[in-house]
Amino acid sequence: MVDHKDAHVMFLSEEASEAEVIRSKTTHSHLHHKGGEVGSGKAALDSKYLHSVINTVNESKEILILGPGSVKLELINDAHHHDAKIAEKIVGVETVEHPTDKEILVYARKFFYKVDQML
């Protein structure tokens, strides 16, 4: 699960799972966009944070990206731009609103079970 503050990376096998949390070094305060001004009114995402997330999953065979908002797409774009081999491993992208690690694990197991059944 990835958002603008941290990423909960879960590594799954049939027998076990383990988790790692990667935190962004930037603080994101809420920005207000005033009418008639240039810019989106959104804080820029920390590119080092995205690289850290991508590097953490570089040994994975399949990658499922979960999370709220647009950060999932920014992560995918970063993967395509910086490491196409990792980008090819992304098998799914799902919008979920801040699940717990246990909920992520259940969601991922169901997702990959369905993927395995299709193969």
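Because the structure is a prediction, the values reported are computed rather than measured.

Participant: Even after reading the chapter, I still don't get unusual backbone geometry, so can you show me in this structure?
Facilitator: Residues other than glycine predominantly adopt negative phi, and peptide bonds predominantly adopt the trans conformation. Located in the positive-phi region is histidine 98, a residue other than glycine, with phi close to 45°. Mapped onto the fold, histidine 98 is located in the loop between strand S4 (90-95) and helix H4 (101-118). Of the residues examined, histidine 98 reaches a relative accessible area of 48% and is grouped as partly exposed.

Participant: Even after reading the chapter, I still don't get the packing of aromatic side chains, so can you show me in this structure?
Facilitator: Each aromatic ring pair is specified by the distance between its two centres and by the angle formed by the two planes. All told, the structure shown has one aromatic pair when counted by the stated rule. Look at phenylalanine 111 and phenylalanine 112: their rings are 5.3 Å apart centre to centre, the planes differ by 90°, and that puts the pair in the edge-to-face class. Looking at phenylalanine 111, the relative accessible area reads 15%, which means it is buried. Relative accessible area serves as the criterion here: at 16%, phenylalanine 112 is assigned to the buried category.

Participant: Quick question: what am I supposed to make of the pairing of strand S2 (residues 17-23) here?
Facilitator: In the case of a regular strand, side chains alternate between the two sheet surfaces. Direction of pairing for strand S1 (residues 6-12) relative to S2: antiparallel, over a ladder of seven bridges. Paired with aspartate 6 across the strands is arginine 23, a residue of S2.

Participant: Hey, could you run me through the environment of glutamate 97 in this one?
Facilitator: Mapped onto the elements, glutamate 97 comes out in the loop between S4 and H4. Residue glutamate 97 is classed as exposed on the basis of its relative accessible area of 58%. Separated by 31 residues in sequence, glutamate 97 and leucine 66 place their C-alpha atoms 8.8 Å apart.

The rules we used
Residues numbered from 1 in each chain as written. Predicted model: local features only at pLDDT ≥ 70, side-chain atom pairs only at ≥ 80, totals over all residues. Heavy atoms only, no water. Helix = DSSP H or I, 4+ residues; strand = E, 2+ residues; numbered from the N terminus. Buried < 20%, exposed > 50% of the residue type's maximum accessible area, 1.4 Å probe, protein only. Phe/Tyr/Trp six-rings, centres within 6.5 Å; stacked < 30°, edge-to-face > 60°. Pairing = 2+ DSSP bridges.

Read these as layout, nothing more, since geometry by itself doesn't imply function.
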